[in-house]
Amino acid sequence: MSEKILYGYTGLFDSPDSITHAAEKAASKGYKKFDVHTPYPLHGMNKAMKLPTSKLGYVSLVVGLSSALAAVLAMFWISAKDYPIVIGGKPLFSFPAYVPVIFEVTVLSASIATVLTMLLIFFKLPNNGHPLHGTEYMKNVAVDKYGILIQAEDEKFNEADVKKFLEECGAVNISPVYFDEEEINHKHKILEPKFIGFLLLTALFTSGISYLTLNKLLYLPPFDWMMEQEKLNPQSTSTIFADGFGMRKPVEGTVARGYLPYAFKGQPEAAGENLVNPLPVSKSVLELGQKKFDVYCSPCHGYHGEGESRLRGQFPNPPSLHSEKVRTWSDGRIFHVITDGQNIMPSYSTQLTAEEKWAAVHYIRVLQRALNAKESDLQ
Amino acid sequence: MSSIHNAEYQKRELPKKIQTIGLILFGVGLLAVILGYVQDSTRAAFNNIILYVFLASIGLGSLFLVAVEYLSGAVWSTPFRRIPEFLSALLIVLPFVLIPVFSNMSHIFHWMHPEVVSADKILQSKAPYLNSTFFIIRTAAFIFLWLVFYFFIIKNSKKQDASGDQSLTKKNIKISAVFMPVFAITISFTAIDWLMSLEPHWFSTILGVYYFSGSVLAGLAAATIIIVMLNENGYLVNGLNSNHYYSLGALLFAFTNFWAYIAFSQFMLIWYANLPEETFWFLQRWEGTWIIFTIGLIFVRFVIPYFGLLSQPSKMNPKRLLVMSCWILFAHWYDMYWLAMPNYSKDGVLFGWIELGFVLFAIGLVMLLFNQLAKKNNLVAIKDPKLQRGIDFRL
């Protein structure tokens, strides 16, 4: 069996002032390895013990600042870079909206980092044995006494001297604390059946409660008041109207915002004569036309308008856009085909706005000119 | 055992120069105020409103601190509770401060004009609350209520100096408990009446809390300035030390953060919802040179006091605490100016001898009032049962 080793001498005091004086004396006497234990934190104790300023604050500062920065970058990445969606007409990077997130992330990570650093680095967890555990001294200082402990490891430690010193300070219950090498270094098992059983029970309990709350309780009256509202959902029937439809038709002749009725439906010739391309020929217009042509026209007409369809014969190939007929058509006539459709080609009005159609017409002219250049183009 | 302090308080006369300087400031200020009213009565009346909300802040904030001490049973502030008690005497002055405003009201509040109201649907629906009669009744009733509580609490506290009767403390606890809800409601409606109704179309449900946070800061800062100066020169009891200073500084720091929290909440919700009937108030404060003043508010009222009071020594060192309290009191005036003045001077910040005159008037008034009360009364509640524990207070 291993021997009992002396850990240190302890003494108890009755008031915060007396323990502070004792700590001052111990520090000025040159003791380095001593500690005080009080039921609650005493301001000014670090000064009395001549302790250097704690380094823990730097951990909070560094973690707090870096997580604030991380929160800014994360919010920037999420809402302005990776998935930019305009919300409420705000700029993609709108700082005021991020402030609560930055604040929460900073506070949370700084406090967790501070506590974990304190436990893991300063308190050296998971080392869970300590000579003071279970001593009468510890029971006292946890209730209403103020205790001082001078460790045997201290260079100036000398049993008789320390005893005398504590007596001079006015301590009571002066007693030595011993420990057992084996007992101290004994690592308690974390994966005990009792502990695992408790963890499992906790997990079962919390998930069960969450399941019942979210899936059962919220569907029972009166907690379902958010779900069961006195309103009509889309596509549902109504008892108010005679026809039973919950959704109402707009008034006859209603026109949607931004919608212009097409005046030349079924009148290709009139459209060709009357409609004029309102767009100027410019780089941006042609680029828009190319984009729309490549997306909507090229699957059948081909990228060059020669009818080189990519549909592998599932539809009959359309005639070339470079024919004499199409080249001599007016812009309005082509616009009419896109708007109203022709033969097997459907209308593209739902896919393309008027502006996009006119831009596509300009682009078709570019394609035509490329295959049938004029004499003047070659010079 | 615990060190023995000398709780015996020797009353000393305050130096004569307080009265002299107070009189000079008050006189110069009063002259500027009168000349201001002669030259530009609307501008002077706006300044008068700032003066009113500023003095009401200090008075009400101080009375709140006194009541909180009674209610929470705090001991650390008992040795210098007299200072906020004296400062809350500003409530007596409030009706006199308001007289010139009442004679110029229609220049300030455009909801007081019947022809404006009849042409404005929103003002019509607000008319049951926002009308001259009810406005004056409200203001008078609030000041009356404050004075009632002021007289009862202060009278009991002074009585205790002579009799040492401990039941007076219990009485004051009961009065303070009644005062709290009255205080909460009246201070909110004061902010609504005198600050929000300058722009009757605008509304912000948090403005009352905003004004409350600033008021506590103002009362606390004013008290801290006086406490530090008196204690450093030995006019208070022996034994007040860095523990007491630290507590004052920590409370100032806490309410600085509280103000920032409330101010940002007000801004962010209005900014997020983006409703034109709310945002225009901030846009007014974004116009011309106001933009600098508005951004300056963040630094003056939050960033500078925050870093100024963050470290432990800054709260324990009397000099640094004094500087920061002066700054916070200035910041409160800055804030009140920011709330009221853009309604008068829409193009930009306006600061001239009229504004300066009102500030000098306020400082002189507080000095004279304090000097007068300090002559008649003890600066320490000498027979308060909590006094010795307050002196022995350790963090």
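Residues numbered from 1 in each chain as written. Chains lettered and ligands numbered in written order. Predicted model: local features only at pLDDT ≥ 70, side-chain atom pairs only at ≥ 80, totals over all residues. Heavy atoms only, no water.

In this section: the overall build of chain B. Helix and strand counts for chain B come out as 17 helices and zero strands. Since a compact globule built from 395 residues should have a radius of gyration of about 21 Å, the 21 Å found for chain B is in line with a globular shape. Taking the principal axes of its C-alpha atoms as reference, chain B extends roughly 75 × 40 × 40 Å. Contacts in chain B between residues at least 24 apart in sequence constitute 83% of all its contacts with a sequence separation of at least 6. Seen as two clouds, the 28 positive and the 20 negative side-chain charges of chain B have centres 11 Å apart. (Helix = DSSP H or I, 4+ residues; strand = E, 2+ residues; numbered from the N terminus. Rg over C-alpha atoms; globule rule 2.2 N^0.38 Å. Contact = heavy atoms within 4.5 Å. Lys, Arg positive; Asp, Glu negative; His and termini not counted. Charge placed at Lys NZ, Arg CZ, Asp CG, Glu CD.)

This paragraph deals with the overall build of chain A. Within chain A, the secondary structure is distributed over 14 helices and four strands. Viewed in the frame of its principal axes, chain A has a C-alpha envelope of about 120 × 70 × 45 Å. Within chain A, the proportion of its 379 residues that are buried is 29%. Put simply, 67% of the contacts in chain A that link residues at least 6 apart link residues at least 24 apart. (Buried < 20%, exposed > 50% of the residue type's maximum accessible area, 1.4 Å probe, protein only.)

Attention now moves to empty space enclosed by the protein. All names here are of chain B. For the structure on display, the rule yields one cavity of 30 Å³ or more. Lining the largest cavity are N47, I50, L51, F54, W333, E355, F358, V359 and A362. Classifying every residue of the lining of the largest cavity gives seven nonpolar, one polar and one charged. (1 Å grid on protein atoms, 1.4 Å probe; cavity = no way out; pocket = protein on both sides within 12 Å on 5 of 7 lines; lining within 4 Å. Points joined across faces, edges and corners; volume = space filled by probe spheres on them. Nonpolar A, V, L, I, M, F, W, Y, C, P; charged D, E, K, R; others polar.)

Residue and element names in this part refer to chain B. Looking at the second largest pocket, its volume works out to about 810 Å³. Around the second largest pocket, the lining is made up of 25 residues, and of these I225, I226, M229, I363 and M367 lie nearest the centre. For the lining of the second largest pocket, the secondary structure elements donating two or more residues are α1 (16-39), α2 (41-72), α10 (207-232), α15 (318-340) and α16 (353-376). Looking at the lining of the second largest pocket residue by residue, the class counts come to 23 nonpolar, one polar and one charged.

Right, let's get into the environment of L360 of chain B. Residues and elements named next belong to chain B. Within the secondary structure layout, L360 lies in helix α16. Residue classification places L360 among the partly exposed positions, given a relative accessible area of 22%. Considering only alpha carbons, one finds L360 and G27, 333 residues apart in sequence, at a separation of 8.8 Å. With near-sequence residues (within four places) excluded, L360 lies in contact with L25, F26, V28 and G29.

Moving on, we come to a nonpolar patch on the surface. A cluster of nonpolar residues, L108, I112, L116, L120, I121, F122, F123 and L125 of chain A, forms a patch on the protein surface that exposes about 790 Å² of accessible area. Position of I121 of chain A among the secondary structure elements: in helix α4 (residues 95-122). (Patch = residues over 30% accessible without salt bridge, like charges linked within 9 Å, V, L, I, M, F, W, Y side chains within 5 Å. Areas by Shrake-Rupley, 256 points an atom, 1.4 Å probe, with all protein chains shown as cover. Salt bridge = Lys/Arg side-chain N within 4 Å of Asp/Glu carboxyl O.)

Here the focus is the domain arrangement of chain A. Structurally, chain A comprises domain 1 (4-185) and domain 2 (268-373). Spacing between the C-alpha centres of domain 1 of chain A and domain 2 of chain A amounts to 77 Å. (Domains from an automatic or database assignment.)

Contact residues are listed per partner, giving nine residues for chain A and ten residues for chain B. Where chain A packs against chain B, one counts zero salt bridges. Scanning the region where chain A abuts chain B turns up two residue pairs in polar contact (both at pLDDT 80 or more). When residues in the side of chain A that touches chain B are grouped by element, the largest group, four residues, is from α4 of chain A. In the side of chain A that touches chain B, the residues fall into four nonpolar, three polar and two charged. (Polar contact = N/O pair within 3.5 Å; in protein donor to acceptor, adjacent residues only side chain to side chain.)

What follows deals with a positive patch on the surface. Taken together, the side chains of K29, K32, K156 and K164 of chain A define a basic patch exposed on the protein surface. Relative to the elements of secondary structure, K29 of chain A occurs in helix α1 (residues 16-29).

Residue and element names in this part refer to chain A. Of all ten residues that make up strand β1 (residues 4-13), eight are buried, and the element is covered over most of its length. Here β1 runs beside strand β4 (residues 172-180); their pairing, made up of seven bridges, is antiparallel. Its bridge partner lying in β4, T10 is registered against S175. Where β1 and strand β3 (residues 146-151) come together, six bridges link them in antiparallel fashion. In the strand pairing of β3, L12 is matched with G147. (Pairing = 2+ DSSP bridges.)

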